[in-house]
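Structural description and commentary
The residues making up each chain are set out below.
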Amino acid sequence: MKLDFGEALNLALREEMRRDPRVYCIGEDIVLGLPFGVTKGLIDEFGSERVLNAPISEAAIVGSAFGAAVTGLVPVVDMHFADFVTCAMDEVANQIAKSRYMFGGQLDCPLTLRMPYGIGKSGGGHHSNSVEAWFVNLPGLKVAIPSTPADARGLLKTAIRDPDPVLVFEHRGLYRMVGDVPEAETLVPLGVADVKRRGRDVTVIATARMVHESLEAARRLAEEGIEVEVIDPRTLVPLDREALAASVRRTHRVVVAEEGPMRGSAGAWLAWVVMEDAFDELDAPIARVAAPNVPIPFSPPLESFVMPAADEVVAAVRQVVK
Amino acid sequence: MSAPGPDALLTMYASMVRVRLFEERVRELFQHGRIPGFLHTSVGQEAVAVGVAAALRPDDYVLSTHRGHGHLIAKGGSLRGLMAELYGKANGVCHGKGGTMHIADASVGYLGANGVLASGCVVAPGVGLSIKRRGSGQVVVTFFGDGAANRGPFHEGINLSALWTLPVVFVCENNRWASSTAHALSTAGGSIAARAVGYGIPGESVDGNDVMAVYETVARAVERARSGKGPSLIEAHTIRWVGHFEGDPQAYRGKEEVAEGRQRDPIARLERWLTEQRLLDAAQAQRVRASVAAEVEDAVAHAETSSLPRGEDALSDLFAYYPWRD
């Protein structure tokens, strides 16, 4: 069936809430499904006991989800905008991420944080950041970052069933993107990458919106006779290192494309992983596509300037095939 | 709510002695380098931990603080498991991964000490939500200090708990000092209990060195929570006899305060009262002390003779299942 990314996430929530009465959703304005429609209509099927409109109180939303998760419920938190997780950073970083480990494995913490994120539509400095790297750098959390409606549905379902905390990064520029979603209930496992396009010349490792920008770049480059392989790790933690290395063994050239800022990023880590696993296979230094190291600006030409897109991927590919 | 009977009072007495002797012994062990880390003990504050725990069911939950050994002991946690954890031993209740400020003991509903002030205040409503959804009739108590009452999670946690009528009891242990900063220099309005008014919930101030008063106040709040009437805020005034941390020179306060604390010793106070009521005599009190001291020594011997974890054990317990390399 054809669903957009937001509808696919909505389907995943419905399926999991039907399957497991312990699952509940909590967040700001989620009864109406604001701001991106993902939770729309859940209230009609599951009622106000399981679709909790919380006050604008991020520490309490995320902290309470932790308390519920360690005592028998399965919360799915809507972060509204991933940027606002800063208001609940102690809860994520010190409580949720560390509880299983610090307490010697006594407590399960089956908690999902849905993180609507990303650059676009002049969201400006507090509504546009790609913050996945913060959490990749936090041991104890799993990080999913789907690029298609089918992956979004399958990964969110897996996240909800996981006994550990999982963050699902949902690029807000993808919510209205339509794609094929299996009719049958389908889970996408964590730690399994997906080759989104086969190609022999260059591997582009890309996440979320950058998968689509990379596919566009691949179409343009194919006209020049350069065949680009686009591989989407789908989850950053755990990471399917084998799939990345296998792709590099086929192409021997690598571009890592992400939307977050260049410095200290998830992509920087992916580049290191490729180097560690497949250095001898590389015929050129790895190139990277990422945003410059500035906050995301408001004005359209400024925003467009910092937002990595197909052009940058094309340029990076040309650089590694030179 | 009924007043505690003689057995309950004697149990509370023994529990306070257990917290005291454990903490005094731990201080000594720390001073002799047997225990690593930063140590915060609750010597002098035992009546709060014990009065609260006495008002709880075994399956009720507790969220604790950096000064939390007493809360765990009062809740029935194993001294062996706790002591071995303080030593960083492999068979500590958290396998040596938590240590003094990050201990949980799920077997007694102790959901975690916390190295971050007031963090439990926002976790508690979620525990309350889970209790409510499961219809288990449990309650959750979250302890925090007077310093923590000035952090945002205190506000957010009480607001959400009150808004959703959750079975939570917020217990502030006001020991007058936020680390080295006096209560008056950190807390606008003075009274923490009075802040309850703004949330439309009961706020009570109680003498935290009077275990029976603590018990009665908390029992009212617990009964209210259990019967679905929502949260309460209790401010228990107490005095810590020791520094913020072990080794704290306490340049910020005079000796009079500790002297006052000792004069208002919650254990001696209950002992006097029990003696007056002819529920306890000197020989019996001595037997309680001896028996508790033996428990503490057993825990010390257990911890001393237990093995340290292997370095590579640092890599386990992060996830339930994680076969990936990263």
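Residues numbered from 1 in each chain as written. Chains lettered and ligands numbered in written order. Predicted model: local features only at pLDDT ≥ 70, side-chain atom pairs only at ≥ 80, totals over all residues.

Turning next to the overall build of chain A. Tallying secondary structure elements over chain A gives 12 helices and 14 strands in all. The globule rule puts the C-alpha radius of gyration for 322 residues at 20 Å, and the 19 Å found for chain A is close to it. Reported as C-alpha extents along the three principal axes, the dimensions of chain A are approximately 60 × 45 × 40 Å. The proportion of buried residues among the 322 residues of chain A is 58%. Long-range contacts, defined here as pairs at least 24 residues apart, represent 79% of the contacts in chain A between residues at least 6 apart. (Helix = DSSP H or I, 4+ residues; strand = E, 2+ residues; numbered from the N terminus. Rg over C-alpha atoms; globule rule 2.2 N^0.38 Å. Buried ≥ 20, exposed ≤ 12 C-beta atoms within 10 Å, placed from the backbone. Contact = placed C-beta atoms within 7 Å.)

Residue and element names in this part refer to chain A. When cut into domains, chain A gives domain 1 (2-180) and domain 2 (194-321). Between domain 1 and domain 2, the C-alpha centre-to-centre distance is 26 Å. Listed by partner, the interface residues are 25 residues for domain 1 and 23 residues for domain 2. For the side of domain 1 that touches domain 2, the elements supplying multiple residues, two or more each, are helix 6 (132-136), strand 6 (142-144), helix 7 (149-161) and strand 7 (166-171). For the side of domain 1 that touches domain 2, the class distribution of residues is 11 nonpolar, 11 polar and 3 charged. (Domains from an automatic or database assignment. Nonpolar A, V, L, I, M, F, W, Y, C, P; charged D, E, K, R; others polar.)

Take the sheet that holds strand 3 (residues 168-174) of chain B next. Residue and element names in this part refer to chain B. An order of 1-2-3-7-6 is seen for the 5 strands of this open sheet, with the pairing classed as parallel. On the outer flanks of this sheet lie strand 1 (61-63) and strand 6 (203-207), each paired with one strand and no other. Neighbour to neighbour, the strand axes of the sheet diverge by 20° on average, direction disregarded. Pairing of strand 1 with strand 2 (residues 140-145), which is carried by 3 bridges, proceeds in the parallel orientation. Looking across to strand 2, one finds that Tyr61 is bridged to Val140. (Pairing = 2+ DSSP bridges. Axes fitted to C-alpha atoms, helices over the stretch in contact; angles between N-to-C directions.)

Moving on, we come to the pairing of strand 14 (residues 287-291) of chain A. Residues and elements named next belong to chain A. Of all 5 residues in strand 14, 5 are buried; the element is thus mostly enclosed. The side-chain alternation of strand 14 yields two buried faces, one formed by Ala287, Val289 and Ala291 and the other by Arg288 and Ala290. In this view, the connection linking strand 13 (residues 254-261) to its parallel neighbour strand 14 by way of helix 10 (residues 266-278) has right-handed handedness. (Right-handed = clockwise from strand over helix to strand, strands pointing away.)

The subject of this paragraph is the environment of Ser205 of chain B. Residues and elements named next belong to chain B. With respect to the element layout, Ser205 can be found in strand 6. Overall, the presence of 18 C-beta atoms within 10 Å leaves Ser205 in the partly exposed class. In sequence terms Ser205 and Asn174 are 31 residues apart; their C-alpha atoms lie 9.9 Å from each other. Apart from residues lying up to four places away in sequence, Ser205 is in contact with Ser191, Ala193, Glu235 and His237.

Right, let's get into the interface of chain A and chain B. A common way to express how large an interface is: the accessible area buried when the components associate. Between chain A and chain B, the residue contacts involve 37 residues of the former and 38 residues of the latter. Of all the elements in the fold, those that place two or more residues in the side of chain A that touches chain B are helix 3 (58-69), helix 4 (89-96) and helix 5 (99-102) of chain A. Looking at which element gives the most residues to the side of chain A that touches chain B, the answer is helix 3 of chain A, with 8 residues. In terms of residue class, the side of chain A that touches chain B is made up of 17 nonpolar, 13 polar and 7 charged.

This part is about the sheet that holds strand 3 (residues 51-53) of chain A. Residue and element names in this part refer to chain A. Spatial strand order, 3-2-4-5-7-6-12: 7 strands in an open sheet with mixed pairing. Of all strands in the sheet, those with a lone pairing partner are strand 3 and strand 12 (235-237), marking the two edges. Averaged over neighbouring strand pairs, the angle between their axes works out to 20° when direction is ignored. Two elements, strand 5 (residues 112-117) and strand 7, share 6 bridges in a ladder whose sense is parallel. For Tyr117, the partnering residue across the bridge sits in strand 7 and is His171. Relative to strand 7, helix 7 is tilted by about 160°, and along the sheet it contacts strand 2 (23-27), strand 4 (74-78), strand 5, strand 6 and strand 7.

Turning our attention to helix 11 (residues 266-276) of chain B. An α-helix turns once every 3.6 residues. As a result, residues three or four positions apart point the same way. All names here are of chain B. Within the span of helix 11, buried status applies to Pro266, Ile267 and Leu270. Along helix 11, the residues classed as buried sweep out an arc of 100° about the axis, all on the same side. Turned more than 90 degrees off the buried face of helix 11, the exposed positions are Ala268, Arg272 and Glu276. Those residues of helix 11 that are buried lie in contact with helix 1 (6-31), helix 2 (46-54) and helix 9 (211-226). Arg278 sits one or two positions beyond helix 11 and adopts a positive phi of about 60°. (Arc of directions from axis to C-beta.)

Here we come to the packing of helix 9 (residues 241-251) of chain A against helix 10 of chain A. Residue and element names in this part refer to chain A. Where helix 9 contacts helix 10, the axes come no closer than 10 Å and their chain directions differ by 70°. With respect to each other, helix 9 and helix 10 are oriented roughly perpendicular. Judged by the sense of rotation from one axis to the other, the crossing of helix 9 with helix 10 is right-handed. Every residue of helix 10 that contacts helix 9 at Arg241, Leu244, Ala245, Val248 and Arg249 is listed here: Val273, Val274, Asp277 and Ala278. (Parallel < 35°, antiparallel > 145°, perpendicular 65-115°, else oblique. Left-handed = near helix turned anticlockwise from the far one by under 90°.)

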